[in-house]
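Spelled out from the first residue to the last, the chains are:
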Amino acid sequence: MDSQTHASALDTLRFDNRFTRELPADPIDDNYCRQVTGACFSRVQPRSVIKPQLVAFAREVAAQLGLSEEACRSEAFAEVFVGNRLLDGMEPFAMCYGGHQFGNWAGQLGDGRAINLGEVLNAQGERYTLQLKGAGPTPYARQADGLAVLRSSVREFLCSEAMHHLGVPTTRALSLVLTGEQVSRDMFYDGHPKLEPGAVVCRVAPSFLRFGSFQILSARRDHTLLKQLLDYCIRTDFPELGEPSPEVYAAWFEEVCRRTAEMIVHWMRVGFVHGVMNTDNMSVLGLTIDYGPYGWLEDFDPDWTPNTTDAHQRRYRYGQQPQIAMWNLVQLANAIYPLLEHTEPFQRGLDAYADTYERANTRMLAHKLGLQDYQADSDDGLTTELLVILQLVETDMTLFYRCLAEVELAKATDSNISDTELMEPLMEAYYRPSELTDDYRQRLRGWLSQYAARAASDPLDDNARRQLMNRTNPKYVLRNYLAQLAIDQAEQGEFSMIEELLEVLRHPYDDQPGMEKYAEKRPDWARTKPGCSMLSCSS
Ligand code: AMP
Ligand code: MG
């Protein structure tokens, strides 16, 4: 096929740029850093790069956009999704937003290195914004270079897709393209910058509106534009709520609260730690957004955060994510308040958050144990004790739950069965088997007996219980060290591990014989290696 035919394969994309059509634009077209007021976005062109090279694409995302795999392998695809070439109908722009960073109001932030290409309407009438990350600076770049390196782009690409296949609401990733250029990064901000390969990810979501998109307008007391943006958001992304009105604003806030609660419960279920839950990184659609120094829990430690920038405060640690989401929702409420001027609707929304979280979380905990429903009488004690036991010795959370399905619960109360035999299926989950003292074994056995009794009274039989557990507890997650191994290879020009991980992570709940190496716990060499256990915001 010649490049002309390939280009026409991309020309199947139909653009309908509602955001730029309906909302006010920054009147200045020049690309320099500035405060942008009275506007929701600035028009900006992606930068051209020397030598785009496609590293990977996600065929499911391409299919949703109506793109064939052949089109994705074309030269035109790499050119377009690195930012070298615009298709008919693309109108690139960067969005203006603000946010609270680590608890402090930071003023205007905005898409400093994200450039939206336009909104695609697919054959099913679904709307998707295509957004390049790392395609050059914008008016919101605040003196930074607007670029992204391969390391962080591999992490964003793989994690977006892994999260989707785990059933976690998330923005998606269409493609990962190398720019052929080098970018300087001081990974640990310690005065040792290094050149790294530059790359661009194309992210895809129905909308990239964030809490901070509303906060910036409210902070500037631009209530006219605040109302216009909220009306736009409701009509475009929440049409089921009805035509915008004060009641619908309240319903919208409540819906954002509910979706956020559900998203966080999913994070807790799979052991995902976002790492930078600033309000500019919170989607009003309840999608996981902005994959930076995120990480996956290995040993179950609620105080763990992968982000070295947050090492002291640990604001965004695993166990605090539910409270932080609530704090962020309060900031969103404050931003929308001028449109309603009553606190009552906001209190209802925040109550809905607490309520949805409580219900979804207890249900999730029950399902992790293969119990049909959560029964507070028995299960409060059962789950609290388990969460304590998981912290007594270094225990891999993912493996523990997966292995727990293999334990024969009938044996737990049989005194002829030794602890060693009963616990055999769980051994894989322990990082330091020498920590398994008699006290620990006894306590675990006590819990297993309690669990066995509870499971026996549950409507689900053993088989159904195991199935429910294995649908709830993934076997394969994007372990930090796996992402780093894929990055190390990719930096040497070898992309096969990215492909292989993408494939394995498509079916995270399946056993996938032959792929067990990707389910293994973190090897000892990765315990303290940068990228595996510690990450900075440098990306
Ligand atoms: P993040 O912590 O990745 O969500 O980024 C916070 C803010 O910094 C956002 O406004 C980003 O657009 C901006 N930003 C981060 N890295 C860069 C970069 N290399 N160039 C320009 N802006 C950036
Ligand atoms: Mg961000």
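Residues numbered from 1 in each chain as written. Chains lettered and ligands numbered in written order. Predicted model: local features only at pLDDT ≥ 70, side-chain atom pairs only at ≥ 80, totals over all residues. Heavy atoms only, no water.

Sorry, what's going on with the overall build of the chain here?
Each helix and strand in the chain was counted, giving 18 helices and 11 strands. What you see for the chain is a C-alpha radius of gyration of 24 Å, in line with the 24 Å of a compact globule of 539 residues. Across its three principal axes, the chain shows a C-alpha extent of roughly 80 × 55 × 50 Å. For the chain, the share of sequence-separated contacts (at least 6 apart) that also reach a separation of at least 24 residues comes to 72%. Counting every atom, the chain has about 21200 Å² of accessible surface; 48% of that belongs to carbon and sulfur. Averaging the positions of the 53 positive and the 76 negative side-chain charges in the chain gives two centres separated by 2 Å. (Helix = DSSP H or I, 4+ residues; strand = E, 2+ residues; numbered from the N terminus. Rg over C-alpha atoms; globule rule 2.2 N^0.38 Å. Contact = heavy atoms within 4.5 Å. Areas by Shrake-Rupley, 256 points an atom, 1.4 Å probe, with all protein chains shown as cover. Lys, Arg positive; Asp, Glu negative; His and termini not counted. Charge placed at Lys NZ, Arg CZ, Asp CG, Glu CD.)

Quick question: what am I supposed to make of the coordination of the magnesium ion (ligand 2) here?
Expected angles at a metal are 109.5 degrees for tetrahedral coordination by four donors and either 90 or 180 degrees for octahedral coordination by six donors. Coordination of the magnesium ion (ligand 2) by the protein comes from Asn281 (OD1) and Asp290 (OD), over a distance range of 1.9 to 2.2 Å. Assigned by exposure class, asparagine 281 and aspartate 290 land together as buried. (Donors = N, O, S within 2.8 Å, 3.2 Å for Na, K, Ca; no water. Buried < 20%, exposed > 50% of the residue type's maximum accessible area, 1.4 Å probe, protein only.)

Before we go on, may I ask you to explain helix H17 (residues 480–491) in this structure?
In an α-helix, one full turn covers 3.6 residues, which means residues spaced three or four apart are oriented alike. Look at H17: 17 Å from first C-alpha to last across 12 residues, which is about the 16 Å you get at 1.5 Å a residue. Along H17, the residues classified as buried are Asn480, Tyr481, Leu482, Ala483, Gln484, Ala486, Ile487 and Ala490. Where H17 is buried, its residues contact helix H6 (150–166), strand S11 (295–296) and helix H18 (496–504). (Expected span 1.5 Å × (residues − 1).)

When you look at helix H8 (residues 223–237) in this model, what are you seeing that I'm missing?
Across its 15 residues, H8 extends 20 Å between first and last C-alpha, which sits within 8% of the 21 Å expected from 1.5 Å per residue. Listed as buried for H8 are Leu225, Leu226, Leu229, Leu230, Asp231, Tyr232, Cys233, Ile234, Thr236 and Asp237. On its buried face, H8 sits against helix H2 (18–22), strand S6 (114–121), strand S7 (127–133), helix H7 (211–219), helix H9 (246–270) and helix H10 (321–340).

Teacher, can you tell me more about the side chain of threonine 395 here?
Along the chain, the position of threonine 395 falls in the loop between helix H12 (376–392) and helix H13 (397–404). On the basis of relative accessible area, threonine 395 is assigned to the buried category, the value being 0%. In this structure the side chain of threonine 395 is engaged in a polar contact, spanning 3.4 Å, whose partner is the backbone oxygen of leucine 390. Residue contacts for threonine 395: discarding those within four places in its chain leaves Glu298, Asp299, Phe300, Leu390, Phe400, Ala429, Tyr430 and Tyr431. (Polar contact = N/O pair within 3.5 Å; in protein donor to acceptor, adjacent residues only side chain to side chain.)

Mind showing me how you'd approach the site of ligand 1 here?
In the vicinity of ligand 1, 17 residues are found, and the nearest of them are Gly110, Gly112, Arg142, Gly146 and Asn281. In the model, an oxygen atom of ligand 1 is placed 2.6 Å from a nitrogen or oxygen of the glycine 110 main chain. Arginine 113 is positioned with one of its side-chain polar atoms (N or O) 3.3 Å from a nitrogen atom of ligand 1. Expressed as a share of its isolated accessible area of 480 Å², the protein-covered part of ligand 1 is 81%. Among the residues making up the shell around ligand 1, the classes are represented as five nonpolar, five polar and seven charged. Taken together, domain 1 (3–211) and domain 2 (245–367) each give at least three residues to the shell around ligand 1, which thus spans both. (Near = heavy atom within 4 Å. Nonpolar A, V, L, I, M, F, W, Y, C, P; charged D, E, K, R; others polar. Domains from an automatic or database assignment.)

Can you walk me through the nonpolar core in this structure?
The nonpolar side chains of a soluble globular protein tend to be buried with one another. If you look at the biggest cluster of nonpolar residues, it comprises 175 residues, and the most contacted ones within it are Phe214, Trp252 and Tyr451. When residues of this core are assigned to their parent elements, the largest contribution, 13 residues, is made by H9. Residue contacts for phenylalanine 214: discarding those within four places in its chain leaves Leu209, Leu226, Leu229, Leu230, Cys233, Trp252, Val284, Leu332, Ala335 and Ile336. (Core = buried A, V, L, I, M, F, W, Y, C linked by side-chain atoms within 4.5 Å.)

In this structure, what is going on with the pattern of salt bridges? I would like to understand it.
When their charged atoms lie close together, side chains carrying opposite charge are able to pair. A complete count under the given rule lists 46 salt bridges for this structure. Close ionic contact of aspartate 303 with arginine 317 constitutes a salt bridge, the shortest N to O distance being 3.6 Å. Residue aspartate 303 is located in the loop between S11 and H10, and its partner arginine 317 is located in the loop between S11 and H10; the two are separated by 14 residues in the primary sequence. Arginine 317 sits in the partly exposed class, given a relative accessible area of 22%. A single network of salt bridges, built from pairs that share partners, joins Glu240, Glu254, Glu255, Arg258, Arg259, Glu344 and Arg348. (Salt bridge = Lys/Arg side-chain N within 4 Å of Asp/Glu carboxyl O.)

Got a minute to help me understand the packing of aromatic side chains in this structure?
For any pair of aromatic rings, the description rests on two quantities: the centre-to-centre distance and the angle between the ring planes. Under the criterion given, the structure shown has 22 aromatic pairs. Their ring planes at 70 degrees and their centres at 5.5 Å tell us that phenylalanine 272 and tryptophan 296 sit as a pair that is edge-to-face. Of this pair, phenylalanine 272 sits in strand S10 (residues 272–273) while tryptophan 296 sits in strand S11, placing them 24 residues apart in sequence. By relative accessible area, phenylalanine 272 is classed as buried at 0%. Using a relative accessible area of 1% as the deciding quantity, one classes tryptophan 296 as buried. (Phe/Tyr/Trp six-rings, centres within 6.5 Å; stacked < 30°, edge-to-face > 60°.)

Where do I start with the domain arrangement of the chain in this structure?
Domain boundaries in the chain define domain 1 (3–211), domain 2 (245–367) and domain 3 (374–457). The C-alpha-based centres of domain 1 and domain 3 are spaced at 45 Å.

What exactly am I supposed to notice about the packing of H17 against H18 here?
Between two packed helices, what matters for the description is the angle formed by their axes and the separation of those axes. With their axes 8 Å apart at the nearest point, H17 and H18 run at an angle of 150 degrees to one another. With respect to each other, H17 and H18 are oriented roughly antiparallel. From H17, Leu482, Leu485, Ala486, Gln489 and Ala490 reach across to H18, where they touch Ser496, Met497, Ile498 and Leu501. (Axes fitted to C-alpha atoms, helices over the stretch in contact; angles between N-to-C directions. Parallel < 35°, antiparallel > 145°, perpendicular 65-115°, else oblique.)

Looking at this model, I keep getting lost on unusual backbone geometry. Mind explaining?
The phi angle of most residues is negative, glycine excepted, and most peptide bonds adopt the trans form. In this model, phenylalanine 102 sits at a positive phi of 50 degrees, which is unusual for a non-glycine residue. Turning to its location among the elements, phenylalanine 102 is positioned in the loop between strand S4 (98–101) and strand S5 (104–108). With a phi angle near 50 degrees, glutamine 512 is a residue other than glycine that sits in the positive phi range.

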